[in-house]
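So the chains spell out like this:
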Amino acid sequence: MIFNQTIPTKGNLINLKQQFNLAKQGHDLLEKKRNIIMKELVDLIDQAKEIQERILKIFEKAYESLQLANLDLGIENVEEYANGVPEYNNLKIRFRSIMGVEVPEIYREKQQIDIPYEIYRTDAALDQAYISFKTVLELITEASMIENKVYKLAYEVKKTKKRVSALENVVIPNLKESIKFIQDTLEEFEREEFFKLKMLKK
């Protein structure tokens, strides 16, 4: 198929060659973009696996400590202490750009985990349970941010793949075909003109 049924002139040939070069550059840039995003995705998936493993281990430790605290202090007392725990508010979100894709990131100020109840009335098991559950909560928020990033980047990879495919299979082949058509036509015109001039000289 000839690209836009282009009229075979030198001006159009120059224009099509420029479009062809731009399409090739665009294709190369999109390929680089896709590769960078794919690398980021692989890193995020590795991070997600690591966090998931940590969550499972700490959860196990947290429930063991909670069971011990329930036995030592009584379930009603543990529930009373739990009701006094303040809401989690150590979460700030900022955005960064990965190849033009805005993804969320958790921003936390470094701080120690403080026990929000009177320590002398409790035991080490309850303290350990509190610290473990607080750590798990932070890891879960981190995992949710990673999941959000993965979703956004995977969607961008899909879009980029479609654009690369369109350039590879439609735009660049059509431009090549149109350039060849114009070059062949112009060469044919030149041969005809040359033949005419020879005939006139004779």
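Coordinates for the structure precede this section.
Quick look at the structure, then. (Residues numbered from 1 in each chain as written. Predicted model: local features only at pLDDT ≥ 70, side-chain atom pairs only at ≥ 80, totals over all residues. Heavy atoms only, no water.)

Here the focus is the overall build of the protein chain. Along the backbone of the protein chain there are three helices and two strands. Listed N to C, the secondary structure of the protein chain is α-α-β-β-α in terms of helices and strands. Burial statistics for the protein chain: of 202 residues in total, 29% are counted as buried. Excluding contacts between residues fewer than 6 apart, the proportion of contacts in the protein chain whose partners are at least 24 apart in sequence is 77%. For the protein chain, the exposed surface amounts to about 14,400 Å²; the carbon and sulfur share of it is 55%. (Helix = DSSP H or I, 4+ residues; strand = E, 2+ residues; numbered from the N terminus. Buried < 20%, exposed > 50% of the residue type's maximum accessible area, 1.4 Å probe, protein only. Contact = heavy atoms within 4.5 Å. Areas by Shrake-Rupley, 256 points an atom, 1.4 Å probe, with all protein chains shown as cover.)

Time to look at the packing of aromatic side chains. Working definition: an aromatic ring pair is given by the centre-to-centre distance plus the angle between the planes. A full pass over the atoms with the stated rule returns three aromatic pairs. When the ring of F59 is compared with that of Y63, the centres are 5.7 Å apart and the planes differ by 15°; the resulting orientation is stacked. Pair noted here: F59 and Y63 are both in helix α1 (residues 10-73), with a separation of four residues, about one helical turn. Taking the centre distance of 5.3 Å and the plane angle of 85° together, the rings of Y63 and F133 count as edge-to-face. Taken together, the positions of Y63 in helix α1 and F133 in helix α3 (residues 124-201) put the pair 70 residues apart, joining distant regions of the chain. Look at Y63 and you get partly exposed, because its relative accessible area is 46%. (Phe/Tyr/Trp six-rings, centres within 6.5 Å; stacked < 30°, edge-to-face > 60°.)

Next up on the list: the side chain of S65. Note that S65 resides in helix α1. Setting aside anything within four residues of it in sequence, one finds S65 in contact with A125, Q128 and A129.

Grouped together as the largest cluster of nonpolar side chains are 14 residues, with contacts concentrated most on I37 and L153. Of all the elements in the fold, those that place two or more residues in this core are α1, β2 (101-107) and α3. Sort the elements by how many residues they give to this core and α1 lands first, with six residues. Not counting chain neighbours up to four residues away, the residues in contact with I37 comprise M99, V101, L153, E156 and V157. Residues L13, L16, A23 and L186 belong to the second largest nonpolar core, which totals 12 residues. (Core = buried A, V, L, I, M, F, W, Y, C linked by side-chain atoms within 4.5 Å.)

Moving on, we come to the pairing of strand β1 (residues 92-98). Pairing analysis gives seven bridges linking β1 to β2, with the strands arranged antiparallel. Bridge pairing links R96 to V103 in β2. Hairpin connection of β1 to β2: two residues between the antiparallel strands, including M99 at a positive phi of 50°. (Pairing = 2+ DSSP bridges.)

For the structure on display, the rule yields eight salt bridges. Where E40 meets R96, a salt bridge forms, and the shortest distance between an N and an O atom there is 2.9 Å. Of this pair, E40 sits in helix α1 while R96 is found in strand β1, placing the two residues 56 residues apart along the sequence. Two residues, K159 and E156, come together in a salt bridge whose shortest N-O distance is 3.7 Å. Pair noted here: K159 and E156 are both in helix α3, with a separation of three residues, about one helical turn. (Salt bridge = Lys/Arg side-chain N within 4 Å of Asp/Glu carboxyl O.)

So, on to a nonpolar patch on the surface. Residues L91, I93 and F95 make up a contiguous nonpolar surface patch of about 280 Å² in total accessible area. On the secondary structure map, F95 appears in strand β1. (Patch = residues over 30% accessible without salt bridge, like charges linked within 9 Å, V, L, I, M, F, W, Y side chains within 5 Å.)

What follows covers unusual backbone geometry. Residues other than glycine seldom take positive phi values, yet M99 does so here, at roughly 50°. Within the secondary structure, M99 sits in the loop between β1 and β2. Judged by relative accessible area, M99 falls into the partly exposed class, the value being 37%.

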